[in-house]
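# Structural description and commentary
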Amino acid sequence: MKLPALLRTSVVQLTIVYAALFAVSVAALFAFIYWSTIGYLERQTDAIIQADVAGLYEQAERRGLIGLIDVIMERVDNDTEGRSILGLFDAGLLPVAGNVKRWPPQLTVSNGWVDSLAVANEGGGTTPVRAQILSVGPGFRLMVGRDVRELARINEVFRRAAIWGLGLTLGLALLGGFLVGQNAQRRIAQINRTTRQIIAGNLSQRVPVRGGRDEHDELARNLNAMLDQIEKLLEGIRHVGDSIAHDLRGPLTRLRNRLDTLAGEPQPSRDGLEECVAQADRLLETFSALLRIARVESGAYRSEFEAVDLAQIVRDVCELYQAAAEEHDIELACGQSRPDAVVFGDRELLAQALTNLLDNAVKYTPTGGRIDVKLAAVGAPPSAYVLSVADTGPGVPSELREQVLQRFARLDQSRSLPGNGLGLALVKAIAEQHEAELALGDNHPGLVVTLKLRAAGAVAA
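What comes next concerns the included structure. Note that the structure is a prediction, hence the values are computed from the model and not measured. (Residues numbered from 1 in each chain as written. Predicted model: local features only at pLDDT ≥ 70, side-chain atom pairs only at ≥ 80, totals over all residues. Heavy atoms only, no water.)

## Considering the overall build of the protein
The secondary structure content of the protein amounts to eight helices and twelve strands. Per-residue burial over the protein gives 36% buried out of 461 residues. Counting only contacts in the protein whose residues sit at least 6 apart along the sequence, the fraction spanning at least 24 positions is 61%. Surface accessibility of the protein: about 26,600 Å² in total, with carbon and sulfur atoms responsible for 57%. (Helix = DSSP H or I, 4+ residues; strand = E, 2+ residues; numbered from the N terminus. Buried < 20%, exposed > 50% of the residue type's maximum accessible area, 1.4 Å probe, protein only. Contact = heavy atoms within 4.5 Å. Areas by Shrake-Rupley, 256 points an atom, 1.4 Å probe, with all protein chains shown as cover.)

Here you go:
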């Protein structure tokens, strides 16, 4: 990857920002350590100098200059470490006593503190000194200080450590940022390549997943799930188109031929016209069902969802189909474990789903058969409600249960019966919009369809 492109990545830009913040943090840490150590040593040095100044000044007041000279010489002789700097100078700045051989030429102050003062030592060189200058006696100056070479060395160590520490911190942070940026850019490049192939028409492509749990794999899994759903929807659209062309071509052809025949008659019969109208109505019903499924799948009804009583819907629909069941000599039994079952959804859609299930059950259950509609609660208090419709008809083989939920899907034994193969497809669409679980099972004999809906107020698992 080229460097300018890498620098434009958000990962590297964030790395630079965080590297700068980390560098500031390291600098603040070094400053605190410096203040805690070097500052402490400097304060300790100043305290020692002030103690020496107080003691010598007291001696000068008590014993005069002669006594001060004796004390200075005694302290110089007793300083085995050689770190004390003591010097007494006359009005001409000539040394009178102490271990300072001459007045530092760069020293211009006559009183007060001086730092980083180069004082000539006995070896002919200079020693860095921190000292205090004060006046004693008539024109005499007293220099009291400490050798700060050790402090200067520690200071230099800290300075180098700070430079190297900040340099290594920034270097490693930037290097890590570029490496992370390259890895992130490679993952994004894989996603871009996949999306370009999909845009070109290859819908079978999927974003590679490494098997980890990072955000890139999560994004890849979500994108793949979205692509699966898009491919499924497109396949459904193709299937719908094929099914419409296949299933409606026959009725339209028959309608056209019938109209053509009637057009050739001098006085078209009323029965013939009514037959044409009936065929047109069946075609319109098919298209209306398709439009209703499309509207349900689009989520247009979700804005109207509210708390509804599923038990009341079951009672109303069962009552509606009781007469149809009796007409076909079918026993319709409706039972429920609770007087109410509040779910969040659309009353009209839920009633439509149960209507379609009962319509199929009445259509395919033979004379003398039985249909059981049950509504049961799950948990206490209920977290969900299970609505089941079981019949004693021919049932659906397990390998075809997914197929019958598609549009225009009809089994061979149902070809002779009226219908357009859209009833269960609509039930499936309604179930998906209500986030319900739809399942088809074996009733031994017959088919049992269950619809599990979450209770109103229950939290999704």
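## Considering the packing of aromatic side chains
Enumeration according to the criterion identifies two aromatic pairs in this entry. Relative to Phe344, the ring of Phe305 lies with its centre 6.1 Å away and its plane at 80 degrees, an arrangement referred to as edge-to-face. Here Phe305, found in the loop between helix 5 (270-297) and strand 6 (306-309), pairs with Phe344, found in strand 8 (residues 342-345); they are 39 residues apart in sequence, far enough to count as distant. On the basis of relative accessible area, Phe305 is assigned to the buried category, the value being 9%. When the ring centre of Trp35 is taken as origin, the NZ or CZ atom of Arg43, which lies over that ring, is 5.0 Å away. (Phe/Tyr/Trp six-rings, centres within 6.5 Å; stacked < 30°, edge-to-face > 60°. Lys NZ or Arg CZ within 6 Å of the ring centre and 35° of its normal.)

## Here we look at unusual backbone geometry
Along the chain, His444 connects to Pro445 via a cis peptide bond; the corresponding omega equals -5 degrees. Tracing the backbone through its elements, the reader meets Pro445 in the loop between strand 11 (437-442) and strand 12 (447-454). For His444, which is not a glycine, the phi torsion comes out positive at approximately 50 degrees.

## Focus on the pattern of salt bridges
Close approach of charged atoms allows side chains with opposite charge to pair. Taken as a whole and judged by the stated rule, the model has 13 salt bridges. We note a salt bridge from Arg149 to Asp147, for which the minimum N-O separation is 2.6 Å. According to the relative accessible area criterion, Asp147 is buried, its value standing at 6%. Among the ionic pairs, Glu156 bridges to Arg159, the shortest N-O distance being 2.4 Å. Taken together, the residues span about one helical turn, with Glu156 and Arg159 both in helix 3 (residues 149-199) at a distance of three residues. Assessed through its relative accessible area of 44%, Arg159 is described here as partly exposed. Among the ionic contacts, a cluster of salt bridges with common partners joins Glu156, Arg159 and Arg160. (Salt bridge = Lys/Arg side-chain N within 4 Å of Asp/Glu carboxyl O.)

## Description of helix 6 (residues 310-327)
Two residues of an α-helix separated by three or four positions point the same way, owing to the 3.6 residues in each turn. Look at helix 6: 26 Å from first C-alpha to last across 18 residues, which is about the 26 Å you get at 1.5 Å a residue. Residue Tyr321 marks the point of greatest curvature in helix 6, where the axis turns by about 35 degrees. Regarding helix 6, the residues found buried are Leu310, Ala311, Ile313, Val314, Val317, Cys318, Tyr321 and Ala325. Capping the start of helix 6 is the job of one residue whose side-chain oxygen sits 3.1 Å from the backbone nitrogen of Ala311: Asp309. One or two residues past the end of helix 6 sits Asp329, with phi positive at roughly 55 degrees. (Expected span 1.5 Å × (residues − 1). Bend = angle between axes of the 7 residues up to and from the residue. Polar contact = N/O pair within 3.5 Å; in protein donor to acceptor, adjacent residues only side chain to side chain.)

## Focus on a nonpolar patch on the surface
On the surface, a cluster of nonpolar side chains totalling about 600 Å² of accessible area is made up of Trp164, Leu168, Leu172, Leu175 and Leu179. The residue Leu172 is located in helix 3 in this model. (Patch = residues over 30% accessible without salt bridge, like charges linked within 9 Å, V, L, I, M, F, W, Y side chains within 5 Å.)

## Looking at the state of the cysteines
Inspection of the entire model under this criterion finds one disulfide. Residue pairing for Cys318: its cysteine sulfur links by disulfide to Cys334, the two sulfurs lying 2.1 Å apart. An S-S torsion of about -100 degrees defines the bridge between Cys318 and Cys334 as left-handed. Highlighted residues: Cys318 in helix 6 and Cys334 in strand 7 (residues 331-336), separated in sequence by 16 residues. (Disulfide = S-S within 2.5 Å.)

## Topic: the sheet that holds strand 11
The strand order across the open sheet built from five strands is 7-9-10-12-11, with neighbouring strands paired in mixed fashion. Two strands close off the open sheet at either side, each with one partner strand: strand 7 and strand 11. Sheet twist, expressed as the mean angle between neighbouring strand axes with direction ignored, is 15 degrees. In the packing of helix 6 onto the sheet, the strands contacted are strand 7, strand 9 (370-378), strand 10 (384-391) and strand 12, and the crossing angle to strand 7 comes to about 170 degrees. Sheet strands touched by helix 7 (residues 347-364): strand 7, strand 9, strand 10 and strand 12. Its angle to strand 10, the strand with the most contacts, is close to 20 degrees. (Pairing = 2+ DSSP bridges. Axes fitted to C-alpha atoms, helices over the stretch in contact; angles between N-to-C directions.)

## Description of the environment of Ile38
Mapped onto the secondary structure, Ile38 falls in helix 2 (residues 10-78). Considering only alpha carbons, one finds Ile38 and Ile154, 116 residues apart in sequence, at a separation of 7.6 Å.

## Here we look at the pairing of strand 2 (residues 95-98)
When strand 1 (residues 84-89) meets strand 2, the two strands line up antiparallel, connected through three bridges. Bridging from a neighbouring strand, Gly87 pairs with Gly98 of strand 2. What sits between strand 1 and strand 2 in their antiparallel hairpin is a turn of five residues, with Leu93 showing a positive phi close to 65 degrees.

## A short note on the packing of helix 7 against helix 8 (residues 423-433)
Two numbers describe how helix 7 lies on helix 8: the axes approach to 9 Å, and their chain directions differ by 150 degrees. Judged by the angle between their axes, helix 7 and helix 8 are roughly antiparallel. Crossing of helix 7 against helix 8: the hand is left-handed. Taken together, the residues of helix 8 that come into contact with helix 7 (itself represented by Leu349, Gln352, Ala353, Asn356, Leu357 and Asn360) are Gly423, Leu424, Leu426, Val427 and Ile430. Grouping the amino acids of the contact of helix 7 with helix 8 by side-chain chemistry returns seven nonpolar, four polar and no charged. (Parallel < 35°, antiparallel > 145°, perpendicular 65-115°, else oblique. Left-handed = near helix turned anticlockwise from the far one by under 90°. Nonpolar A, V, L, I, M, F, W, Y, C, P; charged D, E, K, R; others polar.)

## As for helix 7
Compared with the 26 Å implied by 1.5 Å per residue over 18 residues, the 26 Å span of helix 7 between its first and last C-alpha is a close match. What helix 7 keeps buried is the set Leu349, Leu350, Ala353, Leu354, Thr355, Asn356, Leu357, Leu358, Asn360, Ala361 and Val362. The backbone nitrogen of Glu348 lies 3.0 Å from a side-chain oxygen of the residue at the head of helix 7, namely Asp346.

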